[in-house]
Amino acid sequence: MGGSDLIADVWSSAQGALGSTTRVDLGNVRDLDLQRYAVAVDGSIDGGAAGLSLQLYLSSVLAWGSGPAEADLLADGNASDPFSGFDVAGLRLMAGGQELQFHRDLQAGMNVVLDVTLTGADLKDTKSGRLLVLLVQRTYSDEHGPLIECRETFLGREALG
Amino acid sequence: MSDLTVGTEITPLVVRPTPISLFRFSAVTWNPHRIHFDEAYAATEGYPGVLVQGHLHGAWLLSAVRRWIGDRGRIEQFAWQNRHFATPGDTLTITGQIVSVDGDLVEVELSETNQDGVVCAPARATFRVHPGGAFGDATR
């Protein structure tokens, strides 16, 4: 696989992965993790914000459980499989943004499962080179039903030479 | 709820990203991307410093609108886009205004702008006003 074809190959692979859903058991949401998330977010805010962003906690976390071993990370530090089911094979990924629907409030102690689906893959030519736009649908649920639905855009470029 | 009209502005929120905040956000979200904590690596991609995580932009935007709403309403939908990078040392100001009111559903358009006037992250939030909820700045 030549380096210049990498992004096209990942795009082609993504086409084949569209629509398949992977379920991940996230386990129990710990109060300590929510508190730490709030501290990290609030640290840069003038006057603080008292944990007002906690509804974004689940969709901000990139890896659950222990995550990949350090030796398995890509050169930029990212995991090769950031979506729980699809290998981006070394593209440089950046988060493009999210669209969220909050059905219920996230609370410590909830047992959460995550359903992840790759819903879109679009290869674009831009002024700064080819760009792979990936759309990922995530649904976070507990035993009572959906908590949060999230549509996230990731922007992939080929790794620097 | 007399101030819930189209054009009403939210109370601005000022954010000054720090390296510690970025590091701790990477840690708590288990985000190993070097561009957020490794300045030398960020330079190889042409950036002047480590970058604020996209999700952290979102968290600040959500904080801004929730601080303004207080306990008088609940956000049901929220969206943002990462348009321009930010680094520690920047001063980011989040502003916003009501763009539609439909019964008890209120839509707010938000913008996170840096000290040079560049929009780093636009956003939109829809919240439902609690019955009888008086409205204003929850922080005052």
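Residues numbered from 1 in each chain as written. Chains lettered and ligands numbered in written order. Predicted model: local features only at pLDDT ≥ 70, side-chain atom pairs only at ≥ 80, totals over all residues.

The name given to chain B in an unreviewed UniProt entry is MaoC/PaaZ C-terminal domain-containing protein, with Gordonia sesuvii as the source organism. Quoted verbatim from the Sequence similarities (unreviewed entry) heading of the UniProt record, the comment on chain B is "Belongs to the enoyl-CoA hydratase/isomerase family." (UniProt positions renumbered as here; feature names shortened; annotations may be inferred.)

For chain A, an unreviewed UniProt entry supplies the name MaoC family dehydratase N-terminal domain-containing protein and the organism Gordonia sesuvii.

Turning our eyes to something else, we now look at the overall build of chain A. When you go through chain A residue by residue, the secondary structure sums to three helices and five strands. What you see in chain A, going N to C, is helices and strands ordered as α-β-α-α-β-β-β-β. The principal-axis extents of the C-alpha atoms in chain A amount to approximately 50 × 35 × 30 Å. Long-range pairs, those at least 24 residues apart, make up 68% of the contacts in chain A with a sequence separation of at least 6. (Helix = DSSP H or I, 4+ residues; strand = E, 2+ residues; numbered from the N terminus. Contact = placed C-beta atoms within 7 Å.)

Turning our eyes to something else, we now look at the overall build of chain B. Regarding its fold elements, chain B presents three helices and five strands. Mapped in sequence order, the helices and strands of chain B form the string β-α-α-α-β-β-β-β. The C-alpha extent of chain B, read off along each of the three principal axes, is 55 × 30 × 25 Å. Among the 140 residues that make up chain B, the fraction classed as buried is 41%. (Buried ≥ 20, exposed ≤ 12 C-beta atoms within 10 Å, placed from the backbone.)

Summarising the element assignment, T119(A) is placed in strand β3 (residues 111–126). Residues T119(A) and A14(A) lie 105 residues apart in sequence; the distance between their C-alpha atoms is 9.4 Å.

Our focus in this paragraph is unusual backbone geometry. The backbone phi angle of A50(A) is positive, close to 55 degrees, even though this residue is not glycine. The residue A50(A) is located in the loop between α2 (31–42) and α3 (57–60) in this model. A positive phi is found at W30(B), a non-glycine position, where the angle reads about 55 degrees.

Contact pair α2(A) / helix α1 (residues 19–28) of chain B: the axes reach a minimum separation of 8 Å and the direction vectors enclose 155 degrees. Relative to α1(B), α2(A) is oriented roughly antiparallel. For the pair α2(A) and α1(B), the sense of crossing is left-handed. Between α2(A) and α1(B), the contacting residues are D33(A), R36(A), Y37(A), V39(A), A40(A) and V41(A) on the first element and S21(B), R24(B), F25(B) and V28(B) on the second. Considering only residue class, the contact of α2(A) with α1(B) consists of six nonpolar, one polar and three charged. (Axes fitted to C-alpha atoms, helices over the stretch in contact; angles between N-to-C directions. Parallel < 35°, antiparallel > 145°, perpendicular 65-115°, else oblique. Left-handed = near helix turned anticlockwise from the far one by under 90°. Nonpolar A, V, L, I, M, F, W, Y, C, P; charged D, E, K, R; others polar.)

Following the UniProt record, the feature "domain: MaoC-like" (unreviewed entry) maps to residues 18–100 of chain B here. Helix makes up 39% of residues 18–100 of chain B and strand 22%. Its end C-alpha atoms lie 35 Å apart.

A word on the nonpolar core. If you look at the biggest cluster of nonpolar residues, it comprises 70 residues, and the most contacted ones within it are V41(A), W60(B), L61(B), A64(B) and V65(B). With nine residues, the top contributor of residues to this core is helix α3 (residues 54–69) of chain B. (Core = buried A, V, L, I, M, F, W, Y, C linked by C-beta atoms within 7 Å.)

Within chain A, residue pLDDT values average 90, and 95% of them lie at 70 or more. At the level of individual helices and strands, chain A shows its lowest average pLDDT in helix α1 (residues 6–17) of chain A, which scores 89, and its highest in α3(A), which scores 97. (pLDDT = per-residue confidence, 0-100.)

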